[in-house]
Every structure is written in C-alpha cells, then in structure tokens.
Amino acid sequence: MKIIVCIKQVPDTNEVKIDPVKGTLIREGVPSILNPDDKAALEEALRVKDQHPDTHITVMTMGPPQAEEVLIEGVAMGADEGILLSDRAFSGADTWATSNTLAKAIEKIGRYDIIFCGRQAIDGDTAQVGPQIGERLGIPQVSYVEKFYLEEGKIRVHRALEDGYEVIEGQSPILLTTIKELNEARYPSIPGIMRAYREDCIKVWTYEDLDIPSTDIGLDGSPTQVKRSFTPEQKGAGEMLEGTTDEKVGSLVQKLQEKNLI
Amino acid sequence: MNFNLSKEHKMIQKTFASFTKNEVEPIAAEVDENERFPSETVEKMKRFGMMGIAVPREYGGAGADELAYALAVEELSKACATTGVILSAHSSLGCWPILKFGTEAQKEKYLKPMASGEKLGAFGLTEPNAGTDAASQQTVAVLEGDHYRINGSKIFITNGGEADTYIIFAMTEPSKGLKGITAFIVESDTPGFTIGKKEKKLGIKGSATTELVFKNMMIPKENLLGKEGKGFKIAMQTLDGGRIGIAAQALGIAEGAMEKTVQYVKEREQFNRPIGKFQGLQFMMADMETQIQAAKLMVYQAAAAKAEGKPYGKLAAMAKLYASETAMEVTTKAVQLHGGYGYTSDYPIERMMRDAKITEIYEGTSEVQKMVVAADILR
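Small disclaimer: the values here were computed from a predicted structure and weren't measured.

A separate point is the overall build of chain B. Tallying secondary structure elements over chain B gives 10 helices and 10 strands in all. Over its C-alpha trace chain B gives a radius of gyration of 21 Å, about what one expects of a compact globule, namely 21 Å for 379 residues. Principal-axis analysis of the C-alpha atoms places the extent of chain B at approximately 80 × 45 × 45 Å. Looking at the 379 residues of chain B, the share that counts as buried comes to 54%.

What follows concerns the overall build of chain A. Helix and strand content of chain A: six helices and 13 strands. By principal-axis analysis of the C-alpha atoms, chain A measures approximately 65 × 50 × 40 Å. Every one of the 262 residues in chain A was classed for burial, and the buried ones make up 38%. Relative to all contacts within chain A whose residues are 6 or more apart in sequence, the contacts with residues 24 or more apart total 70%.

Here the focus is the packing of helix H8 (residues 313-343) of chain B against helix H10 (residues 366-377) of chain B. All names here are of chain B. One way to put it is that H8 packs onto H10 with a least axis distance of 9 Å and a crossing angle of 145°. Every pair of crossing elements has a handedness; the one defined by H8 and H10 is left-handed. Between H8 and H10, the contacting residues are Gly313, Lys314, Ala317, Met318, Lys320, Leu321, Ser324 and Glu325 on the first element and Ser366, Gln369, Lys370, Val372, Val373 and Asp376 on the second. In terms of residue class, the contact of H8 with H10 is built from five nonpolar, four polar and five charged.

Turning our attention to the pairing of strand S6 (residues 56-62) of chain A. All names here are of chain A. For S6, a buried count of six out of seven residues is recorded, marking the element as mostly surrounded by other parts of the structure. The pairing of strand S1 (residues 2-6) with S6 spans five bridges and is parallel. Within S6, the residue paired with Cys6 across the bridge is Met60. Judged from the five bridges that link them, S6 and strand S7 (residues 81-85) form a sheet pairing that is parallel. Each bridged residue has a counterpart across the sheet, and for Met62 the counterpart in S7 is Leu85. As a crossover connection, the stretch from S6 through helix H2 (residues 68-77) into S7 is right-handed.

This brings us to the nonpolar core. Formed by 180 residues in total, the largest nonpolar core has its most connected members in Val5 of chain A together with Ala72, Phe184, Ala247, Val299, Ala302 and Ala319 of chain B. The leading source of residues in this core is helix H6 (residues 231-267) of chain B, at 16 residues. Dropping the residues within four chain positions of it, Ala247 of chain B is found in contact with Val299, Ala302, Ala316, Ala319, Lys320 and Ala323 of chain B.

What follows concerns the UniProt feature "domain: Acyl-CoA oxidase/dehydrogenase middle" (unreviewed entry) in chain B. The feature "domain: Acyl-CoA oxidase/dehydrogenase middle" (unreviewed entry), as given by UniProt, occupies residues 122-217 of chain B in the numbering adopted here. As annotated, residues 122-217 of chain B has a helix share of 0% and a strand share of 51%, and its two end C-alpha atoms lie 17 Å apart.

This brings us to helix H6 (residues 245-258) of chain A. All names here are of chain A. In this model H6 runs 20 Å from its N-terminal to its C-terminal C-alpha over 14 residues, within 8% of the 20 Å that 1.5 Å per residue would give. Counting buried residues along H6, only zero of its 14 residues qualify, which leaves the element largely exposed. Asn260 sits one or two positions beyond H6 and adopts a positive phi of about 55°.

This part takes up unusual backbone geometry. Residue Pro173 of chain A follows Ser172 of chain A across a cis peptide bond; omega there is 0°. Locating Pro173 of chain A in the fold gives a position in the loop between strand S11 (164-170) and strand S12 (174-178). Phi is positive for Ala127 of chain A, close to 60°, though the residue is something other than glycine. Position of Ala127 of chain A relative to the elements: it lies in the loop between strand S8 (114-118) and helix H4 (129-137). Its identity as a non-glycine residue notwithstanding, Glu363 of chain B has a phi of 55°, on the positive side.

Residue and element names in this part refer to chain B. Their axes nearest at 7 Å, the elements helix H3 (residues 66-79) and helix H7 (residues 279-307) cross at an angle of 145°. Residues Glu66, Leu67 and Ala70 of H3 form the contact with H7, whose own contacting residues are Val299, Tyr300, Ala303, Ala304, Lys306 and Ala307. Counted by class, the contact of H3 with H7 contains seven nonpolar, no polar and two charged residues.

Right, let's get into the environment of Pro128 of chain B. All names here are of chain B. Its location among the elements puts Pro128 in the loop between strand S1 (121-124) and strand S2 (140-144). Look at Pro128 and you get exposed, because 12 C-beta atoms sit within 10 Å. Taking the C-alpha atoms as reference points, Pro128 and Ala72, 56 residues apart in sequence, are found 32 Å from one another.

It is worth spelling out the UniProt feature "domain: Acyl-CoA dehydrogenase/oxidase N-terminal" (unreviewed entry) in chain B at this point. Taken from the UniProt record, the annotation "domain: Acyl-CoA dehydrogenase/oxidase N-terminal" (unreviewed entry) applies to residues 6-118 of chain B. Helix makes up 73% of residues 6-118 of chain B and strand 0%. Its end C-alpha atoms lie 29 Å apart.

This brings us to the sheet that holds strand S10 (residues 154-161) of chain A. All names here are of chain A. The nine strands are arranged S11-S10-S9-S12-S8-S1-S6-S7-S13 in an open sheet whose pairing can be described as mixed. Either end of the sheet is taken by a strand with one partner, and the two such strands are S11 and strand S13 (202-205). Each strand of the sheet is rotated relative to its neighbour by a mean of 30°, with strand direction disregarded. Pairing between strand S9 (residues 141-151) and S12: three bridges, direction parallel. Following the sheet pairing, Val145 is matched in S12 by Thr178. Against the sheet, helix H1 (residues 36-51) makes contact with S1, S6, S8, S9 and S12, and its axis sits at roughly 150° relative to S8, the strand it touches most. Of the strands in this sheet, S6, S7 and S13 are in contact with H2, which crosses S7 at around 165°.

All names here are of chain B. When you line up the elements, Arg268 lands in the loop between H6 and strand S9 (269-270). Among the residues examined, Arg268 registers 15 C-beta atoms within 10 Å and is labelled partly exposed. Counting along the chain gives 61 residues from Arg268 to Glu329, while the straight-line C-alpha distance between them is 22 Å. Excluding residues that lie within four positions of it along the chain, Arg268 makes contacts with Pro274 and Ile275.

What counts as what
- Residues numbered from 1 in each chain as written.
- Chains lettered and ligands numbered in written order.
- Predicted model: local features only at pLDDT ≥ 70, side-chain atom pairs only at ≥ 80, totals over all residues.
- Helix = DSSP H or I, 4+ residues; strand = E, 2+ residues; numbered from the N terminus.
- Rg over C-alpha atoms; globule rule 2.2 N^0.38 Å.
- Buried ≥ 20, exposed ≤ 12 C-beta atoms within 10 Å, placed from the backbone.
- Contact = placed C-beta atoms within 7 Å.
- Axes fitted to C-alpha atoms, helices over the stretch in contact; angles between N-to-C directions.
- Left-handed = near helix turned anticlockwise from the far one by under 90°.
- Nonpolar A, V, L, I, M, F, W, Y, C, P; charged D, E, K, R; others polar.
- Pairing = 2+ DSSP bridges.
- Right-handed = clockwise from strand over helix to strand, strands pointing away.
- Core = buried A, V, L, I, M, F, W, Y, C linked by C-beta atoms within 7 Å.
- UniProt positions renumbered as here; feature names shortened; annotations may be inferred.
- Expected span 1.5 Å × (residues − 1).

In structure tokens, the structure reads:
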C-alpha cells in the first residue's frame, strides 16, 4: 500500500500573541510545530504501516526551506520519505494555488492508495486544501475523519458531525482529512531521528520539477484577496446556573431582564 | 567555538522534553511515594528506541552520541531523577563496557538486546567493605574448567533486581589487589544469582537499589569481559563515562527545580506583590541560574569530548563535581524560596532536593571527583 500524507509547519498558536494595534499575529520567537490535525493524519498512516509493514509512506509539504523540519519529524516518526515543495514561485499561495501545487506533485508521484490530510491548519483554519486536492485529482474524499478502519478491499471511516457521526465506506484511491481526535500520535524514535538527518530521506521539488503553469501557483495563482484582518471581540464568559429548577428559572429570568432581553 | 546544539541534538532534546512532560512527570510523585520502579516508562522508552541512544546501529542502537545521551538523561531528570538514573545506569554502566571491551560474540549476544531495550543493564562493583576502596573486593571468582565459580555479594546496585544483564567484578587473583580484579557479564537467571536486600533511600526512591548475592554461581569463560586482571581498569573507565550521565542527571534536577521556582515566585504573593519582586530573592535566583548555566556548559563539554573521542576523564569528573553540587545547592534554595509549601510533598521541590543528594555520592563521591581532577593536573 502506498500512502501520501500532506502536512504543514505552523506556528504553535498556544504561544502566539496578537499585536493589539495591528491585529496581526506576532510570529517572532514563536516555535514552529507540525500541525496537530496533520499529525493525526500521519499517525493513522503509520498505524496502517504497523499492521502492514510493506506500506510506503511519503510525507509532503509546501513551504519555505525550514519547513523541512516537519518532514524530518515525519520521517523520524516512521514515514519512509519526505518531499518538500519549495520555491519562491510557490510563495504567497492561497488554498487554491496550494492545492493546485500539491495535486500536481501527487500526480508526479503517480501511484497511491490513500492520501491523508489534516482537516485544517491552526494558523489558517480554512479546511479547504485537503478537499481541493481530492477534487483536483478526481478521487473520492471524506473529511472530518474521526475513526479509520482498513478492511478487506475497502476503507471504512467515521465522519464527525456536530451531533454524531456518519459511517462511510470507500475504496482506494481515496483522500481523507483527519481531525486530531482520531488518535494520539507517537513520539519520533531516536533511531528514526538519526535516520531522518543522516540518510537522504528528504527530496526538494521546485517549480521546475512540476508540470504546472506559473499563473496557477503562488501569489499569481491565488484568487483570494485579504480585505482586512482583525481580532474578533471576546465573547462574554458562559455561566452555569445552580440550584433547583425553580431557582434556576428564577435567576435566568432575572438575568435576562437585567440585560433588557425580556 | 560553537555553543549551539546541532539540529539532530535539538530534535532528540525536544523529543525527550515532550516524552518527559507527557509520560514521566505525571507519575513522578507517585513513583517516589510508592518507591516503585517505573517499568511502564522503561517499556515506552524501549518502543521509541531510547534505550540504546549512543550504541552504534550495527549493535541495535540509535547510533547517536554521548551528547545526545546526556541531553536525554538531563530532560528526564528535570521531572524525575529516578527515570534519569535508570537510563544512565543502563546506558553507561551496562551497555558501554560491553561495547568498549566486549568481543563480537558478546556484543551480539548481550549488547544488542540491551540497545533495543529488550534487556536492562546494571553494574556491580561496590561491596559492603569495598566502596571507594575497590581493591578490597571480597567477591571471588575461581576458574574450574570452562567456568568461573563466583561467590560473594555486591551492594547499592542501581537497577538491581530489574536488570537482566549485569557487569560484575570479582577477584580472580586476590593477592594481586587491583590487578587481580576481573569483569564478567552475568545474566540474572544464572543459578546462584539472587537479589538480596532492597535499600530504602532518601531520594531516587523509584530507582531499584539492591544487594546482589552470588552463591556458587557458575559463569562460562566466554562471559569474561576484557582480560583477566583488567577489571579495575574497565571499572574506572566505565565510571569515567558514567559520571557524564550522573552530571546530566544533576543538571536536569537543578533545571527542573529552577523552572518550578520561577513559576512559583511569580504566582506567590506576599505584601501585595509576587515574591519574585523582592530583590533579596532575585539575587538568590540569579546565582542559581548562573550555576546551572555553568554546570550545563561543563556537562556538555565532557559529553562532547567523549563523543569526539577526546580525553574526558577529568572533564567528566569536574562536570559531575560541579553539577551535583549545583543540584544540591539549587534544590535547597528552591525549597527555601517555596517556603513552607516547598517542605510539603504537595510540591515536587522537596523530592528534587532529596533526589539531588545522591548525585554527590554515587559513581564516585565529590571527594573522589576531586582526587581524579587532582591526579590529572599533578601527573
């Protein structure tokens, strides 16, 4: 079985502060991490490999040269190889141009059975790139995967909904986007770290390596325009009312009256 | 001069930091309280290839170096010195002498399963009447045909009772003193090998520290490590490296206590302000931080020297001397800065202070380290 896992290096948003004047993220000095949903995607691929050792896992990311770190982490966790799509021509890409670039790279790899993507990156929260890759490759896709089963000749997943889940069956090739609740990811192994750094496990592909017009990638290939960015206003904190039902109703009515809502 | 860790070392450090935070720290207080060997942590370390960090890949290890190993022990010890010493004793006292002095057959049979974590290692030199004075060994090995018959006992053996493979020292020619000591590889299931008294200790309570008793234990000739009569040299060289592990453990303990203390003095308010605002306490903390940084440089220097194949005996002795005294001083002050709370087991600081003390004692007391350093400079 051949699996491709699309991952992204993101700033650790637990550590990010927001510039109170400009409303933008202060990225300086913020550590970079492997995006949590993507880590779940990789872990699920690794679990397939645990069961079927002949599985080959490629981790792929598009980003600046330092994004190699997440591919190294992926290989250290157990992936076979990493592909870094890195070129000035790719920069400034929105989800449209990003999925275009990733899909072309996947076509270049050729054969694959499963593509795992994280649902969304914590720095953008769009949840668009995975599904767009599926569309561009013309293969079935299931998003929000919270459980994954590889069965004889088919793939069965639970797709998380707000109030439950759908059970969906499919066949490879298929693209799945995973949520971090899917599993708990393993640590990189120490021999894995050594292999990742000392053996040539990471390939770098540039614009020249992909069969794609320059107008479809990077800033030029990105129809999204950012009008304004701002920090949403903090919502008031929730409050749990205590007491008997009568008391709770009483205090609820009183609070609604205080706010002139009734 | 480059004081930066390589990317490889940083990733190993990061991996151990996150392993420690998620797997080690949550059980550290309980392991201490119940004086329980944390087997589940050893099992997890095995899974992630953490038990053979500095063992070459051809012998089943990760193929990293002594610095990577020191970083690992340091990170583990930030939260749990017990876990730190389990790895340290296994790696530098168990694996290393076989790697350095073992035959290919011994490496194949004993080192490989230790490097993979399948088997745990330990080292037995100390006896009731032979501590620093190792020449007073009373354990005796007598060659009878293809086997040595070994009788005697060892005390204070780290990983005792938990380990599978022990490096044991015994007198093969008592009349020759230090030159009559020989090293052997002993498996825990050998008939005549039993575990004696389990020590109750001030600190590192989860670490198993036991007596080993040998009664007519027959060890095949092929388990002799190095050459007959070379045991003392093997022991001393092994301890030179072991000190790097203990120095890293001491460094980790100090850093762990410092981190908790910084957090505490920012939160704890007296006289309407966080106690960290008081200059008297700030000066204490500045001293603690400076000592930690100095200890860190010495530990890394000794580890890097060993990794690069340079002489490291004196560097390791100085690193252990300084780091262990730093650990004791920093943890003592950390308890002081925590006040009454620091004295209770609701905070990890009192445990860290208890754990720190052993680093000034085992694998050579501070006084022995001074002897090593003095011998080097006056030679």
